[in-house]
Amino acid sequence: MGKTLLCFPLLEARKREAMAQFWKPGSEKPRLLDDEEGGVLFYSSSGFGYANMEKQRQKLPVFKYRNPILYLVENHATTIIVGETGSGKTTQIPQYLKEAGWAEGGRVIACTQPRRLAVQSVASRVAEEMGVKLGEEVGYTIRFEDRTNPGVTAIKFLTDGVLLREMMDDPLLTNYSVIMVDEAHERSLSTDMLLGLLKKIQRRRHELRLVISSATIEAKSMSAFFDTRKTRQGEADEHCVPRRQPTILSVEGRGFNVQIQYLEEPVSDYLQAAVSTVLLIHEQEPMGDILVFLTGQDDIDAAVQLLNEDAQNRGRQPSGLIVLPLYSGLSRADQDLIFSPTPKGKRKVVISTNIAETSLTLEGVVYVVDSGFSKQRFYNPISDIENLIVAPISKASARQRAGRAGRVRPGKCYRLYTEEYFVKEMHAEGIPEMQRSNLVSCVIQLKSLGIDNILGFDWLASPAPEAMVRALEVLYSLGILDEDAKLTSPTGFQVAEIPLEPMISKMILSANLLGCSEEIITIAAVLSVQSIWMSARGSQKELDETKLCFAVAEGDHVTYLNVYKGFLHSGKSSQWCHKNFINYQAMKKVVEIREQLHKLLRRLGIVLKSCDGDTKVLRKAITAGFFAHACRLEAFSHNGMYKTLRSSQEVYIHPSSVLFRVNPKWLIYHSLVSTDRQYMRNVIAIDPSWLIEAAPHFYQLQKPNTATY
DNA sequence: GAGCACTGC
């Protein structure tokens with residue numbers, strides 16, 4: 001790879017003037033970061049261009065491009081944009097591309113975002129800037145909401161997950177002339193899958209242009225990944241545009257400078273260090289809000305308490321601090337407190353999880369305190385268990401966190417670790433989600449797109465072979481894949497169509513055969529949201545008592561049916577939810593998912609049928625999907641210890657379950673939560689004979705009433 | 001008798 005190239009040594013003033021003229025967002029300057037061929041971005045009296053030094057510059061048609069991005073996109077199959085926050089890349093580039101004619105002839109410019117909220121807000125911003133009605137020329141699609149007008153929409157924003165789903169109907173994405181993937185550096189599961197598939201599509205569709213937007217740190221690996229010159233060598237169209245070697249363009253942002261402060265000595269207790277740092281900032285620094293990054297609810301609640309105690313100890317003198325916690329488990333109303341303006345003379349301190357790193361943006365933050373840790377999910381393919389572990393963040397995350405201090409004016413970031421640690425020990429990038437997740441959903445999606453050799457798939461980062469093998473095993477045992485690891489018909493193909501965990505999808509299909517699909521899709525929807533109970537630490541007793549009104553002896557799944565019935569009966573009332581310690585937002589989502597499933601099943605030719613309160617068939621349907629999650633109460637166990645049938649893992653019923661302390665002999669759980677113990681969340685009592693009925697290939701009868709693996 | 005970083009279809 002070549003060195004970083006900058007603009008021609010032009011007079012600074014002329015350069016700035018030119019930038020201002022041709023680069024709409026005003027203060028930002030495009031700058032070519034790297035190019036192996038020695039191309040440079042240059043300026044002439046008629047505009048910016050891009051040229052190859054080796055060739056005669058005059059012969060290149062650079063002068064017709066008034067914007068370097070257009071030149072790059074037209075002439076490269078893949079353009080990688082490295083843009084700082086506030087550079088306008090997300091909103092400007094789609095508009096440039098449309099102006100340049102990339103959306104003509106019924107073609108559409110697709111722009112993906114990893115999050116629904118981002119899709120909505122970017123789409124409405126662009127529609128506003130272009131002076132058009134949202135949903136017409138500029139539209140968006142997210143789950144449960146499609147605001148596009150086919151034939152009219154020229155720029156379409158969507159989540160990367162939706163684009164993946166669209167590929168199931170149109171594997172080459174023929175509607176789109178340009179696909180822009182934003183925030184690719186976050187390396188989410190769906191982004192990684194999408195990038196691998198897009199590279200494959202490019203091989204078939206030479207006219208397709210990709211624009212990948214990423215943080216600087218990932219640009220080189222992205223570029224190397226999309227560099228297809230080697231694989232295409234010797235082919236007849238070698239001389240044709242576009243070039244298969246990606247180009248990288250860096251766009252400077254409008255963020256303010258953030259001064260970084262390190263600790264001189266490492267600390268052992270980052271919680272205490274965070275609290276002291278907040279107090280220090282408050283004493284010594286000018287006004288401006290503080291954002292503190294900690295790892296989870298426990299840490300955050302503890303820090304909030306320490307800061308409030310400190311304020312009380314000061315006695316009469318008011319501390320002037322408004323301390324607010326922030327994590328996704330908070331109710332909507334509590335989360336919204338964060339956005340209330342800070343009263344004059346006060347200083348807001350928001351103590352947050354990673355949610356404030358990417359998902360929520362707080363205006364007015366001038367100081368960031370970074371603990372250097374976050375909770376991360378790790379998957380162990382051997383035990384098939386996902387764990388949440390407090391782990392050090394990457395340099396990329398640390399930069400992202402620091403950047404949150406420079407949105408309104410120059411800020412400061414206090415890192416609760418040493419500079420030496422940052423430079424020498426901190427990893428440049430985090431581990432991609434692909435390498436720390438359960439892969440069943442991923443495998444099934446690729447299979448449905450006709451990717452048979454999944455281990456040989458062109459990954460940006462290859463997943464662990466053990467995880468892949470485990471996923472294939474699970475899908476085989478569910479009857480979703482056959483011996484040749486191909487999707488079975490119809491089960492496999494139907495499961496791939498249903499946008500839920502494959503085990504839940506299998507449960508739904510089995511319910512169809514057992515005649516209880518009406519009830520099962522409600523259960524499926526509830527299992528697909530976080531938790532329908534309100535997290536009420538202070539009023540735990542009341543919550544438990546209320547829960548008893550809905551609870552049934554069969555277990556949590558059947559209990560959820562009662563909650564759902566009550567919710568419908570109340571007219572989907574938020575007051576009813578509040579009164580019953582039920583999360584209103586979660587219930588709304590349950591209703592949406594249920595509706596989506598209803599529609600989808602109709603498309604698959606499945607008619608909903610009710611079992612009219614026969615919970616036995618209901619539990620049999622659950623068993624058909626989750627037979628691998630069966631466990632048995634240990635004989636003579638006094639503390640409610642269970643062992644899983646598959647691997648004799650020690651597990652316990654989670655205290656939030658309605659079967660806690662009931663301890664039926666045989667159970668099926670939906671998922672495990674690992675802390676000091678493995679807790680089973682969402683459990684249901686079963687009869688062991690159902691296991692053999694549902695999965696004779698998985699369980700064999702050893703002696704009466706005892707199944708064994 | 002105790003605990004859930006964050007997304008997404």
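Here, every reference points to the structure presented above.
Quick caveat: nothing in here was measured; it's all calculated off a predicted structure.

Q: Before we move on, can you summarise unusual backbone geometry with the specific residues and values?
A: With an omega dihedral of 0 degrees, the bond running from Ser489 to Pro490 counts as a cis peptide bond. Mapped onto the secondary structure, Pro490 falls in the loop between helix H16 (465-477) and helix H17 (491-497). One non-glycine residue, Lys572, lies in positive phi territory at about 55 degrees. Along the chain, Lys572 falls in the loop between helix H21 (556-569) and helix H22 (574-579). In this structure Lys572 comes out as partly exposed when scored by relative accessible area, which is 38%. For Asp612, which is not glycine, the phi dihedral falls at a positive 50 degrees.

Q: If you had to explain the packing of helix H19 (residues 517-527) against helix H24 (residues 615-626) to someone new, which residues and values would you point to?
A: The geometry of H19 relative to H24 is characterised by a closest axis approach of 10 Å and an angle of 55 degrees between their N-to-C directions. Judged by the inter-axis angle, H19 sits oblique to H24. Both H19 and H24 take part in a crossing whose hand is right-handed. Note on element contacts: H24 touches H19 through Leu618, Ala621 and Ile622, opposite Glu519, Ile520 and Ile523. Among the residues forming the contact of H19 with H24, the class breakdown is five nonpolar, no polar and one charged.

Q: Account for the pattern of salt bridges, with residues named and values stated.
A: Evaluation of the coordinates by the stated rule reveals 18 salt bridges. Close ionic contact of Lys620 with Glu693 constitutes a salt bridge, the shortest N to O distance being 3.1 Å. Of this pair, Lys620 sits in helix H24 while Glu693 sits in helix H25 (residues 688-694), and the two are 73 residues apart along the sequence. Overall, the relative accessible area of 19% leaves Lys620 in the buried class. Taken together, the shared-partner salt bridges connect Lys199, Arg203 and Asp458 into one network.

Q: Tell me what's going on with the protein's contact with DNA strand B, and back it up with residues and numbers.
A: Surveying the vicinity of DNA strand B reveals 30 residues, the closest of which are Arg116, Ser328, Lys375, Val673 and Thr675. Atoms of DNA strand B within 4 Å of the protein belong to the sugar or the phosphate in 61% of instances, the rest to bases. Every element with two or more residues in the surface near DNA strand B is listed here: helix H5 (160-169), strand E17 (373-380), helix H20 (540-550) and strand E23 (666-674). At three residues, H5 tops the list of elements feeding residues into the surface near DNA strand B. Split into classes, the residues belonging to the surface near DNA strand B amount to eleven nonpolar, ten polar and nine charged.

Q: Lay out the sheet that holds strand E13 (residues 289-293) with the relevant residues and their values.
A: If you walk across this open sheet you meet the six strands as E12-E19-E16-E13-E15-E14, and the pairing is parallel. Each edge of the open sheet carries a strand with a single partner, namely strand E12 (258-263) and strand E14 (321-326). The sheet shows a mean angle of 15 degrees between the axes of neighbouring strands, direction not considered. Where E13 meets strand E15 (residues 347-352), four bridges bridge the pair, whose relative direction is parallel. Within E15, the position partnered with Leu291 by the bridge is Val350.

Q: Just give me the short version of the sheet that holds strand E22 (residues 650-653), but keep the residues and values in it.
A: With mixed pairing, five strands are arranged side by side around a closed barrel as E20-E21-E22-E24-E23. Taking each pair of neighbouring strands and ignoring which way they run, the sheet shows an average axis angle of 50 degrees. Direction of pairing for E23 relative to strand E24 (residues 678-685): antiparallel, over a ladder of seven bridges. When the sheet's bridge partners are listed, Ser671 is paired in E24 with Arg681.

Q: Tell me about the environment of Gly625, and please be specific about residues and values.
A: Here Gly625 shows up in helix H24. For Gly625, a relative accessible area of 0% puts it in the buried group. For the pair Gly625 and Ile508, spaced 117 residues apart in sequence, the C-alpha separation works out to 8.0 Å. Leave out the neighbours within four places in its chain, and Gly625 touches Leu478, Met503, Lys506 and Met507.

Q: Describe the nonpolar core, naming the residues involved and giving the relevant values.
A: One finds Ile179 and Ile520 to be the most contacted residues of the largest nonpolar core, which totals 112 residues. In terms of residue count, the dominant contributor to this core is helix H23 (residues 584-603) (eight residues). Filtering out sequence-adjacent residues up to four positions away, Ile179 remains in contact with Ala110, Leu163, Leu173, Leu198, Leu208, Arg209, Leu210 and Val211. Counting 31 residues, the second-largest nonpolar core is a separate cluster that includes Tyr71, Tyr96, Ala103 and Leu249.

Q: Provide a residue-level description of H20, including the pertinent values.
A: Think of an α-helix as 3.6 residues a turn; residues three or four steps apart then line up on the same face. Those residues of H20 that sit buried are Leu543, Thr546, Lys547 and Phe550. Buried residues along H20 cover an arc of 110 degrees about the axis, so they all sit on one side. Opposite the buried face of H20, by more than 90 degrees, sit the exposed residues Lys541, Leu548 and Cys549.

Q: Tell me about the packing of helix H18 (residues 502-514) against H19, and name the residues and values.
A: Two measures define how a pair of helices packs: the angle their axes make with one another and the distance between the axes. Between H18 and H19, the shortest axis-to-axis distance is 9 Å and the interhelical angle comes to 170 degrees. As the angle between them shows, H18 and H19 are arranged roughly antiparallel. Here H18 contributes Ile504, Met507, Ile508, Ala511 and Asn512 to the contact with H19, which in turn contributes Ser517, Ile520, Ile521, Ile523, Ala524 and Leu527. Here the contact of H18 with H19 is composed, by residue class, of nine nonpolar, two polar and no charged.

The rules we used
- Residues numbered from 1 in each chain as written.
- Chains lettered and ligands numbered in written order.
- Predicted model: local features only at pLDDT ≥ 70, side-chain atom pairs only at ≥ 80, totals over all residues.
- Heavy atoms only, no water.
- Helix = DSSP H or I, 4+ residues; strand = E, 2+ residues; numbered from the N terminus.
- Buried < 20%, exposed > 50% of the residue type's maximum accessible area, 1.4 Å probe, protein only.
- Axes fitted to C-alpha atoms, helices over the stretch in contact; angles between N-to-C directions.
- Parallel < 35°, antiparallel > 145°, perpendicular 65-115°, else oblique.
- Left-handed = near helix turned anticlockwise from the far one by under 90°.
- Contact = heavy atoms within 4.5 Å.
- Nonpolar A, V, L, I, M, F, W, Y, C, P; charged D, E, K, R; others polar.
- Salt bridge = Lys/Arg side-chain N within 4 Å of Asp/Glu carboxyl O.
- Near = heavy atom within 4 Å.
- Pairing = 2+ DSSP bridges.
- Core = buried A, V, L, I, M, F, W, Y, C linked by side-chain atoms within 4.5 Å.
- Arc of directions from axis to C-beta.

The values reported here are purely geometric and, on their own, carry no functional implication.
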